[in-house]
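Okay, here's what each chain looks like letter by letter:
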Amino acid sequence: AEQLIYTTEKALKDAEGKISDEIKKDVEQKVKELKNVKDKDLVFHAAAVSDFSVKDAKEHKIKSNKQITLTLTPTEKLINLVKKLSPKSKLVGFKAEYKISQELLLKESEKKLIDSQADMIVANDIGNEDSTFGSDSSKITIVFKNQTPKTLGLLPKNEVAKQIIIELLHSQ
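Keep in mind it's a predicted model, so treat the numbers as computed, not measured.

Conventions adopted
All residue numbers refer to positions counted from 1 along the written sequence of the respective chain. Local features in a predicted model are, by the rule used here, given only for residues with pLDDT of at least 70; side-chain atom pairs are given and counted only at 80 or more, and totals for whole chains, interfaces and linings are based on all residues. Calculation of side-chain values draws on the structure's entire complement of heavy atoms; hydrogens and water are dropped beforehand. A run of DSSP states H or I qualifies as a helix once it reaches four residues; a run of E qualifies as a strand once it reaches two. Both are numbered from the N-terminal end. The contact definition used throughout considers only heavy atoms, calling two residues in contact when any of these lie within 4.5 Å. Salt bridges, as used here, are contacts in which a Lys or Arg side-chain nitrogen is within 4 Å of a carboxyl oxygen on Asp or Glu. Residue exposure (1.4 Å probe, protein chains only): buried if accessible area is under 20% of the type maximum, exposed if over 50%, otherwise partly exposed. Strands are treated as partners if at least two bridges between them are detected by DSSP. A clockwise path from the first strand over the helix to the second, with the strands pointing away from the viewer, defines a right-handed crossover.

Colleague: I'd like a rundown of the environment of Ala96, residues and numbers included.
Modeller: For Ala96, the position within the fold is in strand E4 (residues 90-97). Distance from Ala96 to Ser109, taken between C-alpha atoms, is 9.0 Å for residues 13 residues apart in sequence. Once residues within four sequence positions are removed from consideration, Ala96 is found in contact with Asn124 and Ile126.

This is how it looks when you write it as structure tokens:
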């Protein structure tokens, strides 16, 4: 994990002027967060910086007069490094999917729970018309390490946040 942080910092320095300031700022922030995760009691890991990167990115401007094909490759999941850096931290992750069955949502969330060694995953289907990004409410399912998943009805997002904390405290 520490090697990944070093490599990422070096890559950012080497890519100076070749990547957008916005992407650079996002990645730098995530690396800073990873460095600071060590020995924290509780870590909430809400989202990935980017799920994919461009394979064989060009170091020069690409001409706009011809069609190109981009190949995307998956990026390493930062959430999977948290427990390696800080094994004693309680880790809460989030899993957003789009218009999938509850059964598949649970399956994907349980996989993320195992892969990241998280203590809890908060899952939701952002394709549900009441729970889209930007809406004021959400319907979530909380997947625990050693307990039965718990689905909460549609709630205002501030109430969802309270319920996540309550469930985390009860799962201790």
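Additional details are given in the paragraphs that follow.
Colleague: Hey, could you go over the pattern of salt bridges for me, with residue numbers and the actual values?
Modeller: Under the definition given, this model contains 6 salt bridges. Note that Asp119 and Lys145 form a salt bridge whose closest N and O atoms lie 3.4 Å from each other. Of this pair, Asp119 sits in the loop between helix H4 (102-116) and strand E5 (120-125) while Lys145 sits in the loop between strand E7 (140-144) and strand E8 (150-151), and the two are 26 residues apart along the sequence. In this structure, the salt-bridge partner of Lys150 is Glu167, at a minimum N-O distance of 2.7 Å. Taken together, the residues Lys150 in strand E8 and Glu167 in helix H5 (residues 157-170) connect sequence positions 17 residues apart. Looking at Glu167, the relative accessible area reads 8%, which means it is buried. Among the charged side chains, a network of salt bridges with common partners joins Lys83, Asp119 and Lys145.

Colleague: Tell me what's going on with the pairing of E4, and back it up with residues and numbers.
Modeller: Put simply, side chains in a regular strand alternate between the two faces of the sheet. Across 4 bridges, strand E1 (residues 42-45) lies against E4 in parallel orientation. Bridging from a neighbouring strand, Leu42 pairs with Lys90 of E4. In terms of strand pairing, E4 meets E5 through 6 bridges, oriented parallel. Residue pairing for E5: Glu97 is matched across the bridge by Asp125. Taken together, E4, H4 and E5 constitute a β-α-β crossover, and its handedness is right-handed.

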